[in-house]
Amino acid sequence: MLASFLFFLAMFAAIGVSSYLKSRGTKQDYYLASRDVSPFLVGLSAVATNNSGYMFIGVIGYTYATGLASVWLMVGWILGDFLGSLWVHKSLCRATHKTGESSYAGVISCWTGSRFVYWQRLAGLLSLMFLLAYASAQLVAGSKALYVLLDLPIWSGAVIGGVIVAAYCLAGGIRASIWTDAAQSIVMIVAMGTLLYVATQSVGGVGAAIQSMGEVDGFLNWYPDNMLLPGLAGGVLFAVGWLFAGLSVIGQPHVMVRFMALESEHRMIHARLWYYLWFTAFYAMATGVGMLARILLSDAGSFDAELALPMMAMDLLPPVMVGLILAGVFAATMSTADSLVLSCSAAITHDIHPQRTEKTWVLKLTTVAITVGAVGWALLNQQSVFSLVVMSWSSLASAFAPVLIVLALGARPSQAVYITMSLVGLATALTWRWLGWHSHIYEGMPGILAGLAVYGVARFAVGVPEPSRASA
């Protein structure tokens, strides 16, 4: 088990470090791989970054606890992601090439032709805060897997993951991240598929599995129990909420930067094809594994549900395959953590810092500092992976998605409207979570709608001129 795990870790590290051979030593190369990445690599990298430790640890734990109703999370998430991609991804890729900016916030701030410096700095600060929390969640997911499978101290996974991520990010920046993501996405889907097959066979096949699930009270209900509305209406509202969770991907700098690095906007269809085929297959298998875990590990409440996957692997698979599962979990956590670390680094060196630096050694030193911060946060973290990821995801989406949506649709709001949309959207999402309503409806839904409402008021009620070309 340990040997196979170490083999995959060494392979990922070697792929990442080898990207140094293609490095051009510029900020554009470090953060956007000189915008010459193929659709295949963009698609698989975005899948690996999106389907993180949240999928291996968080979604499986959520499905274990919720049952069949969790399928609405999958349907809503993928459909919302797809709907957003129909117009936003290509527009963002085009704007990246037009502006020549190196960061997600930088491209949006220059979209209208003038640089909105104050909004860019605000976006940089928000990115740094929530992406760092997100990165810590990934390292926590890796720590949980190591704790169960190798009986290592709970802190060890965070440290090991942090060291490996820092190593190849220093070597090749975003190109190293994309190359390793592609390899990691293959290992992730093989690991999840292997566990799904073995678990299904161990309970006697699909029919026997469904029969056993039906014996668990409420496990095959189509709708969660804690709905605001009963029956079908509650299920639809729940699904629509998670549709906004999928749409929220356009507000995630660490995912969208992959599409920004695509060699041409005209190849976006090919990148999306790879992305959605891989995404749908992987998410469906993760949901299946989570449901099987409930009948294989039936003593609910006696353990952390987010440990279901590694516990199943220990019970069902030979040591060499357990190593593959552990490598899959670590691949998932690192593929997202490295992207988050680089996005945090870009937020500091390109968005927040008033004198934007082009020195590669400064970029790399910032990357190391961010990695240390993420490891430290992971060691102190008390929240579940699912909770921490959803909070960060919804906060970023509520702050950035409304602005990007109106820009992609051709609107040209002023900097004041940019800032107000971001702050109102973020405040709405955080208030929704603070009130506890996120257990009924995903908080990014009211957050995004509130941000869009700000633009509607500014455009039609207040009569803000459009487009605005005022410089910051």
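Residues numbered from 1 in each chain as written. Predicted model: local features only at pLDDT ≥ 70, side-chain atom pairs only at ≥ 80, totals over all residues. Heavy atoms only, no water.

**Student:** Tell me about the overall build of the protein chain, and please be specific about residues and values.
**Tutor:** A tally of regular secondary structure across the protein chain gives 19 helices and zero strands. The C-alpha radius of gyration of the protein chain comes to 21 Å, within 12% of the 23 Å expected for a compact globule of 472 residues. Evaluated residue by residue, the protein chain yields a buried proportion of 61% over its 472 residues. In the form shown here, the protein chain has an accessible surface area of approximately 16900 Å², with 69% of it arising from carbon and sulfur atoms. Distance between charge centroids for the protein chain: 17 Å, based on 22 positive and 20 negative side chains. (Helix = DSSP H or I, 4+ residues; strand = E, 2+ residues; numbered from the N terminus. Rg over C-alpha atoms; globule rule 2.2 N^0.38 Å. Buried < 20%, exposed > 50% of the residue type's maximum accessible area, 1.4 Å probe, protein only. Areas by Shrake-Rupley, 256 points an atom, 1.4 Å probe, with all protein chains shown as cover. Lys, Arg positive; Asp, Glu negative; His and termini not counted. Charge placed at Lys NZ, Arg CZ, Asp CG, Glu CD.)

**Student:** So what about the packing of helix α3 (residues 39-50) against helix α12 (residues 253-260)? Which residues, and what values?
**Tutor:** For any two helices packed against each other, the geometry is given by the interaxial angle and the distance between the axes. Look at α3 against α12: their axes get within 9 Å of each other, and the N-to-C directions meet at 180°. Judged by the angle between their axes, α3 and α12 are roughly antiparallel. Facing Val42, Ser45, Ala46, Thr49 and Asn50 of α3, the residues of α12 in contact are His254, Val255, Arg258 and Phe259. Here the contact of α3 with α12 is built from residues that sort into four nonpolar, four polar and one charged. (Axes fitted to C-alpha atoms, helices over the stretch in contact; angles between N-to-C directions. Parallel < 35°, antiparallel > 145°, perpendicular 65-115°, else oblique. Contact = heavy atoms within 4.5 Å. Nonpolar A, V, L, I, M, F, W, Y, C, P; charged D, E, K, R; others polar.)

**Student:** Give me the lowdown on a nonpolar patch on the surface, citing residues and values where you can.
**Tutor:** Taken together, Tyr147, Ile154, Trp155, Val159, Val163, Leu379 and Leu380 make up a surface patch of nonpolar side chains, about 710 Å² in accessible area. Taken together, the elements giving at least two residues each to the nonpolar patch come down to α9 (156-202) and α16 (360-380). Structurally, Val163 can be placed in helix α9. (Patch = residues over 30% accessible without salt bridge, like charges linked within 9 Å, V, L, I, M, F, W, Y side chains within 5 Å. Salt bridge = Lys/Arg side-chain N within 4 Å of Asp/Glu carboxyl O.)

**Student:** Quick rundown of the packing of helix α8 (residues 117-150) against α16? Include the residues and the values.
**Tutor:** The geometry of α8 relative to α16 is characterised by a closest axis approach of 8 Å and an angle of 60° between their N-to-C directions. It follows that α8 is oblique to α16 by the angle criterion. Handedness of the α8/α16 crossing: right-handed. Between α8, through Leu128, Met129, Leu132, Ala133, Ala135, Ser136, Leu139 and Val140, and α16, the contact on the second element is made entirely by Ile370, Gly373, Ala374, Val375, Trp377 and Ala378. Split by residue class, the contact of α8 with α16 holds 12 nonpolar, two polar and no charged. (Left-handed = near helix turned anticlockwise from the far one by under 90°.)

**Student:** Kindly report on the environment of Leu262, identifying the contributing residues and their values.
**Tutor:** With respect to the helices, strands and loops of the structure, Leu262 is situated in the loop between α12 and α13 (268-296). Using a relative accessible area of 0% as the deciding quantity, one classes Leu262 as buried. Taking the C-alpha atoms as reference, Leu262 lies 30 Å from Val375; in sequence the two are 113 residues apart. Those residues in contact with Leu262 that sit more than four places away from it in its chain are Arg35, Val37, Ser38, Pro39, Val42, Cys93, His97, Arg267, Met268 and Ala271.

**Student:** Outline the side chain of Gln184, listing residues and values.
**Tutor:** By secondary structure assignment, the location of Gln184 is in helix α9. We classify Gln184 as buried; its relative accessible area is 0%. Leaving out residues up to four positions away in the same chain, Gln184 has contacts with Phe12, Tyr168, Ala331, Met334 and Ser335.

**Student:** Tell me about the nonpolar core, and please be specific about residues and values.
**Tutor:** Core analysis: the largest hydrophobic core is formed by 158 residues, its most contacted members being Trp119, Ile250, Phe279 and Tyr283. In this structure, Trp119 is in contact with Ala105, Ile108, Ser109, Phe400, Val403, Gln415, Tyr418, Ile419 and Ser422, ignoring residues within four places of it in sequence. (Core = buried A, V, L, I, M, F, W, Y, C linked by side-chain atoms within 4.5 Å.)

**Student:** Report on the packing of aromatic side chains, specifying residues and quantitative values.
**Tutor:** Inspection of the entire model under this criterion finds 17 aromatic pairs. Here the aromatic rings of Tyr30 and Tyr31 are separated by 5.1 Å at their centres, their planes lie at 70°, and the arrangement is edge-to-face. You can call Tyr30 buried: its relative accessible area is 4%. Relative accessible area serves as the criterion here: at 3%, Tyr31 is assigned to the buried category. Cluster of aromatic residues (ring-pair linked, three or more members): Phe82, Phe259, Tyr275, Tyr276, Phe279 and Tyr283. (Phe/Tyr/Trp six-rings, centres within 6.5 Å; stacked < 30°, edge-to-face > 60°.)

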